Amino acid sequence: MRFVRWFVGFLFLAGMVYFIFSYLKVSPQVKLMLYLLICFLLSLVRLFKGPTPADRAIATDIFGILVIGFCGILAVFTGKNWYVDIAIAWALQSFIGALALAKFIEGKNFDD
Amino acid sequence: MIEILALFFIVVGITFDLFGCIGLIRMPDIYTRLQAATKCVTLGTCGILFAVFVKFGLSPAGIKALLCIVFLMLTAPVSAHALARATHRSGVKLHEGAVCDKYAEDRSKNII
């Protein structure tokens, strides 16, 4: 059973990487963005099936980090420099959100 | 030359993001999952933002990218530590293959 789960996961990941790398006729920049979209998909899987609320909190935190990276990639490939401003703002609000979720999971108020 | 260097840093960052998200799916326990997922930040997203700095040079956008790297380096361990502490205090058990739990021992002895 364990081997079957390993094999299915490896087949899924290798299939997606091979599909993006060889079958799609797009530019290399779009291919790199699609590789980052696989990361978004994996963190969303953890967000849906996480057993405890803390799993979902971690998944949303990592999702925010990936959005910052995506803004950086867009800034490099398009040459517009206001994507970096979006990245900084997202980093700020993601940090505050992670701390608030940690307080909420611990079961305390925001006062103490 | 600058374009190739920026592309190299982006490829390194996307590779580490992909490995971190695979760890987020694969790991059996919430604490090991958090330990794997925080690797997304330090070399994944910071690599992509360093690629932004390489592309834009010492312009305002590049300086903003460096500031975003410093902010992420400061805040990502803080939020990860807060999430792990809140999870442990809310009573989530470790994986059954775990060897020791020093935080629970210290809390049972009223040291912390």
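Please read all numbers here as calculations on a predicted model, not as lab measurements.

I'd like a description of the packing of helix α3 (residues 53-78) of chain A against helix α1 (residues 2-26) of chain B, backed by residues and values.
Their axes nearest at 12 Å, the elements α3(A) and α1(B) cross at an angle of 160°. Judged by the inter-axis angle, α3(A) sits roughly antiparallel to α1(B). When the axes of α3(A) and α1(B) are compared, the crossing they make is left-handed. Each of I62(A), L66(A), G69(A), I73(A) and V76(A) in α3(A) lies in contact with α1(B), whose residues at this interface are A6(B), I10(B), G13(B), D17(B) and L24(B). When grouped by side-chain class, the residues that make up the contact of α3(A) with α1(B) number seven nonpolar, two polar and one charged.

Kindly report on the interface of chain B and chain A, identifying the contributing residues and their values.
Where interface size is given, it is often the accessible area lost as the parts come together that is meant. Opposite the 39 residues of chain B that make contact, chain A presents 37 residues. Secondary-structure elements contributing two or more residues to the side of chain B that touches chain A are α1, α2 (30-37), α3 (39-56) and α4 (60-89) of chain B. Of the residues that constitute the side of chain B that touches chain A, the class distribution is 27 nonpolar, seven polar and five charged.

Describe in detail helix α1 (residues 2-23) of chain A, supporting the description with residues and values.
With 22 residues, α1(A) extends 31 Å between its outermost C-alpha atoms, agreeing within 8% with the 32 Å of an ideal straight helix rising 1.5 Å per residue. Of all 22 residues making up α1(A), only zero are buried, and the element is barely covered by its neighbours.

So, the nonpolar core: which residues are in play, and what are the values?
Ranked by internal contacts, the top residues of the largest apolar core, which has 58 residues, are I10(B), L49(B), A51(B), V52(B) and L83(B). Taken together, the elements giving at least two residues each to this core come down to α2 (28-49), α3 and α4 (83-106) of chain A together with α1, α2, α3 and α4 of chain B. Here this core gets 13 residues from one element, more than from any other, and that element is α3(A). Residues in contact with A51(B), not counting those within four places in the same chain, are G72(A), V76(A), A6(B), F9(B), I10(B) and G13(B).

Reading the values: the criteria
Residues numbered from 1 in each chain as written. Chains lettered and ligands numbered in written order. Predicted model: local features only at pLDDT ≥ 70, side-chain atom pairs only at ≥ 80, totals over all residues. Axes fitted to C-alpha atoms, helices over the stretch in contact; angles between N-to-C directions. Helix = DSSP H or I, 4+ residues; strand = E, 2+ residues; numbered from the N terminus. Parallel < 35°, antiparallel > 145°, perpendicular 65-115°, else oblique. Left-handed = near helix turned anticlockwise from the far one by under 90°. Contact = placed C-beta atoms within 7 Å. Nonpolar A, V, L, I, M, F, W, Y, C, P; charged D, E, K, R; others polar. Expected span 1.5 Å × (residues − 1). Buried ≥ 20, exposed ≤ 12 C-beta atoms within 10 Å, placed from the backbone. Core = buried A, V, L, I, M, F, W, Y, C linked by C-beta atoms within 7 Å.

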